[in-house]
Amino acid sequence: MGLLGVTLAAAQADTNKRIITIQGGPRGDLRNGPLTFSGNPVKATVSTLQIQASQAVLAAPAGTALIEAKGKRTANFTGTVQVTRGRLSAKGTALAYSESTGQGVLSGNASATFQPANKEDGDTVSITAGQMSLDVDNNVSTSTGNVGLSNGTQTGKADKLVFDEDRELAQLTGTPSLTRAAKGTQKALVMTGQEVRVLTKAKTLYVRGGVKLVQGTLTTTGDAVFYDDKKNVAYVVGNAVSVDSKSKVTVKAPASGYLEQRTDLARVRGLNSTYKIPAEQFKLRGEQ
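Residues numbered from 1 in each chain as written. Predicted model: local features only at pLDDT ≥ 70, side-chain atom pairs only at ≥ 80, totals over all residues. Heavy atoms only, no water.

A.B. asks: I'd love a proper account of the packing of aromatic side chains, names of residues and values included.
C.D. replies: Throughout the structure, instances matching the rule amount to 7 aromatic pairs. Ring centres 6.5 Å apart and planes at 10° place the aromatic pair Phe226 and Tyr235 in the stacked group. Note on accessibility: Phe226 and Tyr235 belong to one class, buried. Here the aromatic cluster, defined as three or more aromatic residues joined through ring pairs, consists of Tyr206, Phe226, Tyr235, Tyr258, Tyr275 and Phe282. (Phe/Tyr/Trp six-rings, centres within 6.5 Å; stacked < 30°, edge-to-face > 60°. Buried < 20%, exposed > 50% of the residue type's maximum accessible area, 1.4 Å probe, protein only.)

Below you can see the structure in the form of structure tokens.
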């Protein structure tokens, strides 16, 4: 099979994956649509997504018969909408699905939970947003609008959140912040920057772009930070400076070094060696 044949076969596979099946006897024009499904509840399947709702309307593009429009149809679910995919469960009041894009947009107080594979693997990840787009071509969701993220003692806020269920990786952008709650003798830690990435199972973070860490009277700034919540340590690189507003002590990273901040000990020290943030661990699928 030539390159063109392989490309066409892959495109056809994607199209077939996006076809939605809705259970039940519909009302409406069976040939041209739209068709209305109602039940207690209406159930539908598309790829690995399972959908339940009070009502669904299946429609074809204007001028196209419904029976000939597979791959181009839309399905709109209303009422109490619930969506499941593997360990992800999401809900809202409406879901608009397009076969041509393979995107299902959940709105109306959209929220989702992602369960750990085992109790030993960490905490349940919870997401709230204005709307949440679920991609059936991969296990990725994109949430926008007053986004909230909760993962054990970690909570985040952002304008946009991309969550890769396979990698258990969250990317927060648009004035993002992440707070690690106070625990034991440790004060709460707040991290901000242009972008925050979180490996939710490992409880590690990568923040880049004008980063700031605030913990009690300590304020540390730099270009990027890697934080390991389990080890209670942050490594700050790039023009890193830490100031204690109470003691008036300032610690600067050496010209070729970095700052190590122990969040359990409220201690910052400059180290005269190179530290490379493991950014490869935090790459989203498709990133170079």
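Okay, back to it.
A.B. asks: Residues and numbers for the nonpolar core, please.
C.D. replies: Counting 55 residues, the largest nonpolar core has Ile20, Ile22, Ile51 and Phe77 as its most contacted members. Those residues in contact with Ile51, other than ones at most four positions away along the chain, are Ile20, Val42, Lys43, Ala44, Val46, Phe77, Val81, Gln82, Val83 and Leu95. Of all hydrophobic cores here, the second largest spans 15 residues; its members include Leu169, Tyr206, Ala224 and Tyr258. (Core = buried A, V, L, I, M, F, W, Y, C linked by side-chain atoms within 4.5 Å. Contact = heavy atoms within 4.5 Å.)

A.B. asks: Can you explain the UniProt feature "domain: Organic solvent tolerance-like N-terminal" (unreviewed entry) in the protein? Please cite residues and give values.
C.D. replies: Mapped onto this structure's residue numbering, the UniProt feature "domain: Organic solvent tolerance-like N-terminal" (unreviewed entry) falls at residues 31-126 and 127-250. Structurally, residues 31-126 comprises 0% helix and 62% strand, and the distance from its first C-alpha atom to its last is 42 Å. The distance from the first to the last C-alpha atom of residues 127-250 is 37 Å, and the span holds 0% helix and 67% strand. (UniProt positions renumbered as here; feature names shortened; annotations may be inferred. Helix = DSSP H or I, 4+ residues; strand = E, 2+ residues; numbered from the N terminus.)

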